[in-house]
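So the chains spell out like this:
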Amino acid sequence: MLWQKLMITLATNPQAKHWMQNSRKMTNLASRFVGGKSAQEGSNKAEQLHLQQDKRSSLFYLGEYVQDQKEIAKTLHELEKSIKQLAEKNLDIHISIDPTQIGLMNDVTEFKDNATHLSMLIKEHSSGDPASSDFLMIDMEDDTVTQTTLDVYHFLHEKGLPCAVTLQAYLHRTEADLQKIISTGGTVRLVKGAFAESDSIAYTRRDMINTSYFSLAQNMLSRQAKANNFYPIFATHDDKMIDKISNYASDNGWKDNAYEFEFLLGVREGLQDDLIKCGHKLRLYVPFGTEWWSYSVRRIGESPRNGFFLLRSLCYR
Ligand SMILES: Cc1cc2nc3c(=O)[nH]c(=O)nc-3n(C[C@H](O)[C@H](O)[C@H](O)COP(=O)(O)OP(=O)(O)OC[C@H]3O[C@@H](n4cnc5c(N)ncnc54)[C@H](O)[C@@H]3O)c2cc1C
């Protein structure tokens, strides 16, 4: 906890951010957790991961809680370029977005229109090959935007646009939200949840969050989910949870390619490689952009085991 607090202080320190982000080369630190500074570098990283390690990617342009119209336009421009470059490289056209980076800070309609535009562009460039996962993945932010985010996901899904949404296992409401999506056969990425929510709406104890995660995973691997062509994505670095899920999936007749695991780029790379060796489908969340400092330091803060790596990166800039 002390380690994590220290890293959050470092992540939000403007001098440290300025010093690191303006260094000529991207540091070791950035290149472990971030795919590059531009859409071109991000899609090159996705290609390299695919060709060399058989790992798929979801590209994310760094930035959240954006109000400035110029910055929103820049985000959309980078995402449009990513979509075209992934299509040219014949990779999955898989883009992750935060609602608050494409207009939700200003207006729900702005977010909905921008999300519609991006998923239409993905549809336009998609090869239609059933083996490739081409869609707009909507990340889930704090609870003040949960309902709006889900409303926009359902709007896109009803229009037949390629979209998916992230659900957080710590929220009490998630069981019902998931059931609604399973009944219409969509795609959900299940995460534990990263925001500090209150115990009136969320499980706050780790054991309770884990219990909820596995129970929701079982629903995602139910007969009904399979019959409705629901596509489950389990985004967790928790090896024990991954074991339980993959055993449950095979006991219930799910083939390894009918669901996937997703990790953040640079996190638990040994475990990533083990999953690939066992024949699992693995996707990495690959952020790109110039605002890489806070994101990378927050990842470092998630495990004290990363301390040595941080020190080395700062010394050999
Ligand atoms: C692809 C992806 C997308 C996500 N999208 C969202 C989202 O939209 N909304 C949201 O609220 N949250 C999101 N998250 C974050 C998520 O909610 C968790 O906060 C985060 O994944 C940590 O939980 P865990 O499942 O890995 O389990 P934990 O129980 O936190 O960790 C499991 C194990 O992994 C290790 N570990 C975890 N992180 C690291 C690290 N950085 N370095 C080294 N070891 C580590 C831990 O030490 C532990 O041993 C996303 C996560 C992933 C992987």
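Here, the structure is the one placed above.
The structure presented is a predicted model; accordingly, all values stated were derived computationally and were not measured.

Quick look at the site of the ligand
Surrounding the ligand, one finds 24 residues, the nearest of these being Asp139, Thr236, His237, Glu302 and Ser303. Of all the secondary structure elements, the ones that give two or more residues to the shell around the ligand are strand S4 (163-168) and strand S7 (260-264). Ranked by residues supplied to the shell around the ligand, first place goes to S7 with 3 residues. Residues that form the shell around the ligand fall into these classes: 9 nonpolar, 7 polar and 8 charged.

Describing the packing of helix H4 (residues 39-53) against helix H5 (residues 69-88)
As a packed pair, H4 and H5 sit with axes 9 Å apart at the nearest point and diverge in direction by 35 degrees. In the crossing of H4 with H5, the sense of the turn from one axis to the other is right-handed. Within the contact between the two elements, H4 uses Ala39, Gln40, Gly42, Ser43 and Ala46 and H5 uses Glu78, Lys81, Ser82, Gln85 and Leu86. Its residues placed into classes, the contact of H4 with H5 shows 3 nonpolar, 5 polar and 2 charged.

Digging into the pairing of strand S1 (residues 56-61)
The element S1 is largely enclosed, with a buried count of 6 among its 6 residues. Residues Arg56, Ser58 and Phe60 line one face of S1 and the alternating positions Ser57, Leu59 and Tyr61 line the opposite face, and both faces are buried. One ladder, built from 6 bridges, connects S1 with strand S8 (residues 282-288); its direction is parallel. Looking at S8, one finds that Phe60 is bridged to Pro287. By the bridge criterion, 2 bridges tie S1 to strand S2 (residues 94-97) in an arrangement that is parallel. Of the residues in S2, the one forming a bridge with Phe60 is Ser96. In this region the chain leaves S1, passes through H5 and returns to the parallel neighbour S2; the handedness of that crossover is right-handed.

Looking at the nonpolar core
What tends to happen in soluble globular proteins is that the nonpolar side chains get buried as a cluster. Counting 76 residues, the largest nonpolar core has Ile95, Leu136, Ile138, Val188 and Leu190 as its most contacted members. Once residues lying within four places of it in the same chain are set aside, the contact partners of Leu190 are Leu167, Ala169, Tyr213, Leu216, Ala217, Met220, Ile233, Phe234 and Ala235.

Scoring rules and cut-offs
- Residues numbered from 1 in each chain as written.
- Predicted model: local features only at pLDDT ≥ 70, side-chain atom pairs only at ≥ 80, totals over all residues.
- Near = placed C-beta within 6 Å.
- Helix = DSSP H or I, 4+ residues; strand = E, 2+ residues; numbered from the N terminus.
- Nonpolar A, V, L, I, M, F, W, Y, C, P; charged D, E, K, R; others polar.
- Axes fitted to C-alpha atoms, helices over the stretch in contact; angles between N-to-C directions.
- Left-handed = near helix turned anticlockwise from the far one by under 90°.
- Contact = placed C-beta atoms within 7 Å.
- Buried ≥ 20, exposed ≤ 12 C-beta atoms within 10 Å, placed from the backbone.
- Pairing = 2+ DSSP bridges.
- Right-handed = clockwise from strand over helix to strand, strands pointing away.
- Core = buried A, V, L, I, M, F, W, Y, C linked by C-beta atoms within 7 Å.

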